[in-house]
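# Fold and contact review
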Amino acid sequence: MKNELFFNRESLWKTLDEQKLKETQDFGESYKSFIDNSKTERKCVKEIIRQARADGFVSFEEIQKEKKKTLEPGDKVYFMNKEKAVILAVMGKEAMETGVNIIGTHLDSPRLDLKPFPFYEDKELALAKTHYYGGVKKYQWVTMPLAMHGVITKENGELVEITIGEDPTDPILMISDLLPHLSKDQMSKKMSEGITGEGLNVLLGNQATKEGDEKEAVKAHLLQLLNEQYGLSEEDFAFAEIQLVPAGKARDLGLDRSMIAAYGHDDRVCAYAELRAILDLETPTKTALAVFVDKEEVGSISNVGMESKFFENTVDELLEFQEGTTRLSIRRALNRSKALSGDVMSAFDPNFPEVLDPKNSCYMGKGVNISKYTGSRGKGGCNDANHEFLAELRQTFKNNDIQWQMGELGKVDQGGGGTIAYIIGNYNTEVVDCGVPVLSMHAPMEIVSKVDLYMTYLAYRAFYL
Ligand code: MN
Ligand code: MN
């Protein structure tokens, strides 16, 4: 009786057959090459569109040029927003007004951005000032090999792209930390104060220029190098988007190669599962939308975040290509829609049991996680999914052999967090958070289990079908 009544979840590493385990490893390999090419949200968008086009998706602009009057079931179209967000659509057999199936993930990850005027020299060292982006624990970013990724439009309109630190022959950048021998005061500070935001200054050089009688000869040499290589001046950087992210590629983790360590799993791991799920679709019953947005880590605001009208505009544009569309169609469509907010969830970490509820955590290797609700301190700011929708999802997952687990972020009153779910919910769309369990969330290197990634992809695909 106990076996039938108690809830138990085994590790997928035990239950998946050999074929599925092979697919798991293959999927992990493709994912690693995806994130290696996607260190910034702009690069994610590029890579998503590259893969979508290879699969037969065409841009909305191309469809408009063709002067097509209707989009037929099975048609595949993408909408890009300012190179930082993108929506893929596969038209379904039913009219969109009956509701669509949406999965939404975010492409931005915590990082360090250069300030508009970053460069300075101090004691024969050239450094750059940064402003961190998203929820970072600052002490994790010192003595970490960093790469610089960025885009700048020069005064003459020329676009300059910078990638330094990813090729093994490239130099890397780094923020220094204090030696333990002199850290008496630092070590007695709170962890949040040991390294400060204004202390996250990245080392760029030590060599001084021999030309002239420069006061800041090391900074001058640095600017010389940037000018020779990219034709840039200090002023150009004021108008740039430059990010510092951990340098190097995603790596298999563990002697058994069961996990992947990489920068930016949050939330590119869910984005990749979502991408692969929509690329698999031929002609779904309901129109499928894969929404990839920016700025989740700073509150989902701005014209490229989930709060942007871009999502609504896109659904409206698609409706325009279906017969019988009225002024109310978009409201009806979204009112009848269903969505998964694809985002990562903290997995149970044996190093920190004191903040986690073992009964209500998700675990590495036990499948895709459903987060019934998010929020903090009394579910504040949460999306609390409706049981009717969860019942449907449970059925979908059961019918498709999807192993799910259900965990919340941590113990009550230990903290909390949010996702884009509540914004999708604003359209009266049914929505729940559902994604990959992760260790060391928001650290420079985060950790996922390959089986959870693979199971999340299968879950997303089942949801679209
Ligand atoms: Mn996230
Ligand atoms: Mn996050």
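Residues numbered from 1 in each chain as written. Chains lettered and ligands numbered in written order. Predicted model: local features only at pLDDT ≥ 70, side-chain atom pairs only at ≥ 80, totals over all residues. Heavy atoms only, no water.

### Re the overall build of the protein
Going by this rule: Numbering of helices and strands runs from the N terminus, with a helix taken as a DSSP run of H or I at least four residues long and a strand as a DSSP run of E at least two residues long. Throughout, radius of gyration means the C-alpha value; the globule benchmark is 2.2 Å times the number of residues raised to the power 0.38. Categorising residues by exposure relies on relative accessible area from a 1.4 Å probe, with only protein chains included: less than 20% of the type maximum marks a residue as buried, more than 50% marks it as exposed, and the intermediate range marks it as partly exposed. Residues counted as positive are Lys and Arg, residues counted as negative are Asp and Glu, and His and the chain ends are not counted. Where a charge sits is defined by one atom per residue type, namely NZ (Lys), CZ (Arg), CG (Asp) or CD (Glu).
A count of helices and strands for the protein gives 15 helices and 22 strands. Here the C-alpha atoms of the protein give a radius of gyration of 24 Å, agreeing with the 23 Å that 2.2 N^0.38 yields for 465 residues. By principal-axis analysis of the C-alpha atoms, the protein measures approximately 75 × 60 × 45 Å. Taking all 465 residues of the protein together, 52% fall into the buried category. Averaged over its 56 positive side-chain charges, the protein has a centre that lies 3 Å from the centre of its 73 negative ones.

### Re the domain arrangement of the protein
Rule in force here: For the domain bounds, the source is a domain assignment made automatically or taken from a database. Any pair of residues with heavy atoms lying within 4.5 Å of one another is described as a contacting pair. Buried area is calculated as the accessible area (1.4 Å probe) missing from two parts once they are joined, with the contributions of both summed. Any Lys or Arg side-chain nitrogen located within 4 Å of an Asp or Glu carboxyl oxygen qualifies as a salt bridge. Polar contact is the term for a pair of N or O atoms within 3.5 Å; when the atoms are in protein, one must be able to donate a hydrogen and the other to accept it, and sequence-neighboring residues count only if both atoms are side-chain atoms.
The assigned domain composition of the protein is domain 1 (2–109 + 263–464) and domain 2 (111–246). Measuring from the centre of the C-alpha atoms in domain 1 to the corresponding centre in domain 2 gives 34 Å. Counting residues at the interface gives 17 residues for domain 1 and 16 residues for domain 2. Of the roughly 1500 Å² buried between domain 1 and domain 2, counting both surfaces, carbon and sulfur atoms make up 49%. Applying the counting rule to domain 1 against domain 2 returns 5 salt bridges. Among the salt bridges present, the one from Lys84 reaches Glu241, with a minimum N-O distance of 3.3 Å. If you look at where domain 1 meets domain 2, you find 12 residue pairs in polar contact (both at pLDDT 80 or more).

### So, the coordination of the manganese ion (ligand 2)
The cut-off we apply is this: For Na, K and Ca the donor cut-off is 3.2 Å; for every other metal, N, O and S atoms count as donors within 2.8 Å. Water does not enter the count, which can leave sites looking incomplete.
Every protein donor of the manganese ion (ligand 2) is accounted for by Asp266 (OD), Glu297 (OE), Glu297 (OE) and His442 (NE2), and the metal-donor separations fall at 2.1 to 2.6 Å. In primary sequence terms, the donor set of the manganese ion (ligand 2) follows D-x30-E-x144-H. Between the manganese ion (ligand 2) and the manganese ion (ligand 1), a separation of 3.4 Å is found, and both are coordinated by Asp266. On the criterion of sequence distance, the pair formed by Asp266 in helix α10 (residues 265–279) and Glu297 in the loop between β13 (288–293) and α11 (310–320) is long-range, its members being 31 residues apart. Overall, Glu297 belongs to the buried group, its relative accessible area being 13%.

### A look at the coordination of the manganese ion (ligand 1)
At this site the manganese ion (ligand 1) is bound by His106 (NE2), Asp266 (OD), Asp343 (OD) and Asp343 (OD), with donor distances of 2.1 to 2.6 Å. Coordination of the manganese ion (ligand 1) draws on donor residues from a single chain, spaced H-x159-D-x76-D in sequence. Of the residues examined, Asp343 reaches a relative accessible area of 8% and is grouped as buried.

### Some thoughts on the sheet that holds strand β7 (residues 146–153)
Stated formally: At least two bridges found by DSSP between two strands are what make those strands a pair. Simply put, an axis is a line fit to the C-alpha atoms, just over the touching stretch for a helix, and the angle between two N-to-C directions goes from 0 to 180 degrees.
Taken together, the 6 strands give an open sheet; going across it, the order is β8-β7-β10-β5-β6-β9, and neighbouring strands pair in antiparallel fashion. Single-partner strands in this sheet number two, and they are β8 (159–164) and β9 (201–205). Sheet twist, expressed as the average angle between the axes of neighbouring strands with direction ignored, equals 30°. The pairing of strand β5 (residues 111–122) with strand β6 (residues 125–133) spans 8 bridges and is classified as antiparallel.

### Quick word on the side chain of Lys43
As for its placement among the helices and strands, Lys43 is situated in helix α4 (residues 41–54). Buried and unpaired, Lys43 has Glu161 as its nearest opposite-charge partner, separated by 5.8 Å. Discounting residues that sit within four places of it in the chain, Lys43 has contacts with Asn37, Ser38, His149 and Thr163.

### Observations concerning the pattern of salt bridges
Note that side chains of opposite charge can pair when their charged atoms are close. One pass over the structure, following the stated rule, counts 28 salt bridges. The salt bridge involving Arg332 is made with Glu97; its shortest N-O contact spans 3.5 Å. Taken together, the positions of Arg332 in helix α12 (residues 329–335) and Glu97 in the loop between β3 (85–90) and β4 (101–106) put the pair 235 residues apart, joining distant regions of the chain. For Glu158, the salt bridge goes to Lys154, with nearest N and O atoms at 3.2 Å. Residue Glu158 is classed as partly exposed on the basis of its relative accessible area of 39%.

### Points about a negative patch on the surface
For clarity, the cut-off: For patch building, the residue pool is restricted to those with more than 30% relative accessible area and no salt bridge; the joining distance is 9 Å between like charges and 5 Å between nonpolar side chains (Val, Leu, Ile, Met, Phe, Trp, Tyr). Here the open area of atoms and residues is found with the Shrake-Rupley method and a 1.4 Å probe, where only the protein chains shown may cover a residue.
On the surface, Glu211, Asp213, Glu214, Glu216 and Glu228 cluster together to form a negatively charged patch. Under the relative-accessibility criterion, Glu228 is labelled exposed at 63%.

### Here we look at the nonpolar core
What counts here: To qualify as a nonpolar core, a set must consist of buried Ala, Val, Leu, Ile, Met, Phe, Trp, Tyr and Cys residues joined through side-chain atoms within 4.5 Å.
Leu88, Ile278, Phe292, Leu340, Phe397 and Tyr464 are the most contacted members of the largest nonpolar core, which has 62 residues in total. In terms of residue count, helix α15 (residues 450–464) provides more of this core than any other element does, 11 residues in total.

### As for the sheet that holds strand β1 (residues 58–59)
The strand order β1-β2-β3-β13-β4-β14-β20-β16-β18 describes an open sheet built from 9 strands, whose pairing is mixed. Where the open sheet ends on each side, the last strands, each with one partner, are β1 and β18 (404–406). The pairing of strand β16 (residues 368–371) with β18 spans 3 bridges and is classified as parallel. Paired with Val368 across the strands is Trp404, a residue of β18. Each of β14 (338–341), β16, β18 and β20 (430–435) is contacted by helix α13 (residues 387–399), which is oriented at about 45° to β20, the strand it contacts most. Contacting β4, β13, β14, β16, β18 and β20, α15 runs over the sheet at an angle of about 145° to β4.

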